[in-house]
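As a plain string of letters, each chain reads:
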Amino acid sequence: MISQIPFEHGLLLAGALFVLGLIGVMVRRNIIFILLSIEVMLNAAGLAFVVAGSRWSQPDGQVMFIFILTMAAAEVSVGLALVIRLYHVFKTLDADCAGKMRG
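Residues numbered from 1 in each chain as written. Predicted model: local features only at pLDDT ≥ 70, side-chain atom pairs only at ≥ 80, totals over all residues. Heavy atoms only, no water.

Student: Can you tell me about the overall build of the chain, naming the residues and giving the values?
Tutor: Per the secondary structure count, the chain includes 3 helices and 0 strands. When the helices and strands of the chain are placed in sequence order, the string is α-α-α. Here the C-alpha atoms of the chain give a radius of gyration of 17 Å, more than 25% beyond the 13 Å that 2.2 N^0.38 yields for 103 residues. Overall size of the chain, expressed as C-alpha extent along the three principal axes, is 55 × 25 × 20 Å. By the burial criterion, 22% of the 103 residues in the chain qualify as buried. Considering only contacts within the chain whose residues lie at least 6 apart along the sequence, 57% involve residues at least 24 apart. Surface summary for the chain: the accessible area is close to 7,500 Å², and the carbon and sulfur share equals 70%. Of the side chains in the chain, 7 bear a positive and 6 a negative charge, and the two mean positions are spaced by 14 Å. (Helix = DSSP H or I, 4+ residues; strand = E, 2+ residues; numbered from the N terminus. Rg over C-alpha atoms; globule rule 2.2 N^0.38 Å. Buried < 20%, exposed > 50% of the residue type's maximum accessible area, 1.4 Å probe, protein only. Contact = heavy atoms within 4.5 Å. Areas by Shrake-Rupley, 256 points an atom, 1.4 Å probe, with all protein chains shown as cover. Lys, Arg positive; Asp, Glu negative; His and termini not counted. Charge placed at Lys NZ, Arg CZ, Asp CG, Glu CD.)

Student: Mind laying out the side chain of Glu-75, listing which residues take part and the relevant values?
Tutor: Along the chain, Glu-75 falls in helix H3 (residues 60-90). Excluding its chain neighbours within four sequence positions, the residues that come into contact with Glu-75 are Leu-35, Ile-38, Glu-39 and Leu-42.

Student: Requested: an account of the side chain of Glu-39, with residues and values cited.
Tutor: With respect to the helices and strands, Glu-39 occurs in helix H2 (residues 31-55). Despite being buried, Glu-39 has no salt bridge partner; Arg-28 is the closest side chain of opposite charge, sitting 16 Å away. For Glu-39, the residues in contact, after removing those within four places along its chain, are Ala-72, Glu-75 and Val-76. (Salt bridge = Lys/Arg side-chain N within 4 Å of Asp/Glu carboxyl O.)

Student: Go over the pattern of salt bridges with me, naming the residues and quoting the values.
Tutor: Overall, the coordinates contain 1 salt bridge when judged by the stated rule. With its nearest N and O atoms 3.4 Å apart, the salt bridge here joins Asp-96 to Arg-29. Residue Asp-96 is found in the segment after H3, and its partner Arg-29 is found in the loop between helix H1 (7-27) and H2; the two are separated by 67 residues along the sequence. With relative accessibility at 52%, the residue Arg-29 sits in the exposed group.

Student: Let's hear about the layout of surface pockets: which residues, and what values?
Tutor: Considering only enclosed or pocket space, the largest pocket measures out at about 260 Å³ in volume. Lining the largest pocket are Gln-4, Ile-5, Pro-6, Phe-7, His-9, Gly-10, Leu-13, Leu-47, Val-50, Val-51, Ser-54 and Arg-55. Mapped onto the lining of the largest pocket, the elements with two or more residues apiece are H1 and H2. Examining the composition of the lining of the largest pocket, we find that 5 residues originate from one element, H2, more than from any other. Here the lining of the largest pocket is built from residues that sort into 7 nonpolar, 4 polar and 1 charged. (1 Å grid on protein atoms, 1.4 Å probe; cavity = no way out; pocket = protein on both sides within 12 Å on 5 of 7 lines; lining within 4 Å. Points joined across faces, edges and corners; volume = space filled by probe spheres on them. Nonpolar A, V, L, I, M, F, W, Y, C, P; charged D, E, K, R; others polar.)

Student: Tell me what's going on with the confidence of the model for the chain, and back it up with residues and numbers.
Tutor: Of the residues in the chain, 94% have a pLDDT of 70 or more, and the chain-wide mean is 89. For the chain, per-element mean pLDDT is lowest for H3, which scores 92, and highest for H1, which scores 96. (pLDDT = per-residue confidence, 0-100.)

In structure tokens, the structure reads:
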């Protein structure tokens, strides 16, 4: 017999992951760490969708998670392109240097 994780525990885990990602975005200066924190936040949202879909026995949560993974892949590709460009221009990955970009 398969035991299921309670609905509240899944949402608490998703909330904790989202808060950790938000703290990472707010505190970190390195752009790579900021992108990783955004990924954690997206995965937390996906986990919340899967838990909610499991609660009501609907596949909608898993479908939304696939969309979130697709969006995360697009975000990583664009984000890493911007990181490479910032590094070539400023020779640093400090997020404060991005405010100096003009053009």
